Amino acid sequence: MNSLMLSERRRFSLGASPDPEPGEGEAVLRVEACAVCRTDAVMWDKGHRDLLLPRVPGHEICGRVYGAAPSSLQVVWPGIACGSCDMCRIGRENLCRSMRIIGFHRDGGFADCLVVPEANLLPVPSGITAEVATLAEPFGCALHALDRSRLRKGERVLIYGGGTLGILLALGAVAQGAEVLQVDPDLQKLEKGRSFRRSFHIGGGSVIDGQDAQDFNVVINATSACGSFSDGIHRLAPGGRYCLFSGLRGNEEYPASLVNEIHYREADLVGSYGCTRQDMRVALELLVLHEAELSFLIESRISLEQVQSVMPTVLEGKGFKFVITF
């Protein structure tokens, strides 16, 4: 098989590898599309807590099971959970104490085939292309964040970030009956999403101003910019919820006065990490309904040979999705 191996920081090697041999309960998946996530770019640039090198990255994967008939499209839930720890038993498998992640702890989808546990395969409904189906994993993460935020119909939601995940968070919130405002300082990115926001009556801009600048029931950061945390806390309504969806850059310290705002507002600060299989199933259902409106997120189809060249752009958070196709 052909694969793209990350052997050390900022060094990919493209070459032929032995065909993977599935073990018990596993399948060989012929990859049709694998999206490049910003986390992949961070891994390429500086590594990651869960990354074991050398590694074939890629965790937003869609393909077909080798030898299966009929061979329908499948997406991959990338977490490999134990199924028996306290987190798994209560349905929070994304927090499994023994979690291993495809593309981090074992080889992922930057290859024309890979071995995956059969239990991690989720069938793609008819009518969704393989490229759009790669959105199921990030969309599942977005829906997980909305669930952690305890979003209710009619509530006001502020989303920092106009990229792929900001768009998916916005759509998920609208689907649950929320009123959404999305902000991003990147005017070009906002312009690319303008038609989408208009279709779903989502507010958007580079800054937050006017009478609607405060009292959001839910605030979510789909950006690692530290300012999104302090600014967002001050924009929460009493009893609001701030969802820390993206990890924050740097080592900034936050003053006690900011923490006190959580106290005075009786606000909740919640984290959201990854997604569950069920989150991805719901994401697939929404992709069926909104594939046409979300197709603009597939910005470019690339080959394995082109991955190295797009990594700086992905790392900067410019544009939407680069998808490797086979």
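Residues numbered from 1 in each chain as written. Predicted model: local features only at pLDDT ≥ 70, side-chain atom pairs only at ≥ 80, totals over all residues. Heavy atoms only, no water.

## A closer look at the packing of aromatic side chains
Right, so step 1: All told, the structure shown has six aromatic pairs when counted by the stated rule.
Right, so step 2: With a centroid separation of 5.0 Å and 75° between ring planes, the pair formed by Phe-229 and Tyr-254 is classed as edge-to-face. One end of the pair, Phe-229, is in helix H8 (residues 227-234); the other, Tyr-254, is in the loop between strand E14 (236-244) and helix H9 (256-265), and 25 residues separate them in sequence.
Right, so step 3: Among the residues examined, Phe-229 registers a relative accessible area of 10% and is labelled buried.
Right, so step 4: For Tyr-254, a relative accessible area of 26% gives the class partly exposed.
Right, so step 5: A network of ring pairs unites the aromatic residues Phe-196, Phe-200, Phe-296 and Phe-320 as a single cluster.
Right, so step 6: Across from the ring centre of Phe-216, 4.2 Å away, lies the NZ or CZ of Arg-156, which sits over that ring. (Phe/Tyr/Trp six-rings, centres within 6.5 Å; stacked < 30°, edge-to-face > 60°. Helix = DSSP H or I, 4+ residues; strand = E, 2+ residues; numbered from the N terminus. Buried < 20%, exposed > 50% of the residue type's maximum accessible area, 1.4 Å probe, protein only. Lys NZ or Arg CZ within 6 Å of the ring centre and 35° of its normal.)

## Some points on the pattern of salt bridges
Right, so step 1: Evaluated as defined, the whole model comprises 20 salt bridges.
Right, so step 2: Between Arg-241 and Glu-155 there is a salt bridge whose closest N-O contact spans 2.6 Å. Of this pair, Arg-241 sits in strand E14 while Glu-155 sits in the loop between helix H4 (136-148) and strand E10 (156-160), and the two are 86 residues apart along the sequence.
Right, so step 3: Classification of Arg-241 as buried rests on a relative accessible area of 2%.
Right, so step 4: Look at Glu-155 and you get buried, because its relative accessible area is 7%.
Right, so step 5: As a salt-bridge pair, Arg-235 and Asp-231 come within 2.8 Å of each other at their nearest N and O atoms.
Right, so step 6: Salt bridges sharing partners connect three or more residues here, namely Arg-9, Arg-10 and Asp-45. (Salt bridge = Lys/Arg side-chain N within 4 Å of Asp/Glu carboxyl O.)

## Side note on the pairing of E10
Right, so step 1: Burial analysis of E10 places five of its five residues in the buried class, the great majority of the element.
Right, so step 2: Burial along E10 is two-sided: the face carrying Arg-156, Leu-158 and Tyr-160 and the face carrying Val-157 and Ile-159 are both buried.
Right, so step 3: At this point the chain moves from E10, through helix H5 (residues 164-175), to the parallel strand E11 (residues 179-183), and the crossover so formed is right-handed.
Right, so step 4: Pairing geometry for E10 and strand E13 (residues 216-221), over four bridges, is parallel. Residue pairing across strands places Tyr-160 opposite Asn-221, the latter belonging to E13. (Right-handed = clockwise from strand over helix to strand, strands pointing away. Pairing = 2+ DSSP bridges.)

## Here we look at the packing of H8 against H9
Right, so step 1: Interaxial distance between H8 and H9 falls to 9 Å at its minimum, and their mutual angle equals 30°. The orientation of H8 with respect to H9, classified from their angle, is roughly parallel. In the crossing of H8 with H9, the sense of the turn from one axis to the other is left-handed. Of the residues in H9, those in contact with Phe-229, Ser-230, Ile-233 and His-234 of H8 are Leu-258, Glu-261, Ile-262 and Arg-265. (Axes fitted to C-alpha atoms, helices over the stretch in contact; angles between N-to-C directions. Parallel < 35°, antiparallel > 145°, perpendicular 65-115°, else oblique. Left-handed = near helix turned anticlockwise from the far one by under 90°. Contact = heavy atoms within 4.5 Å.)

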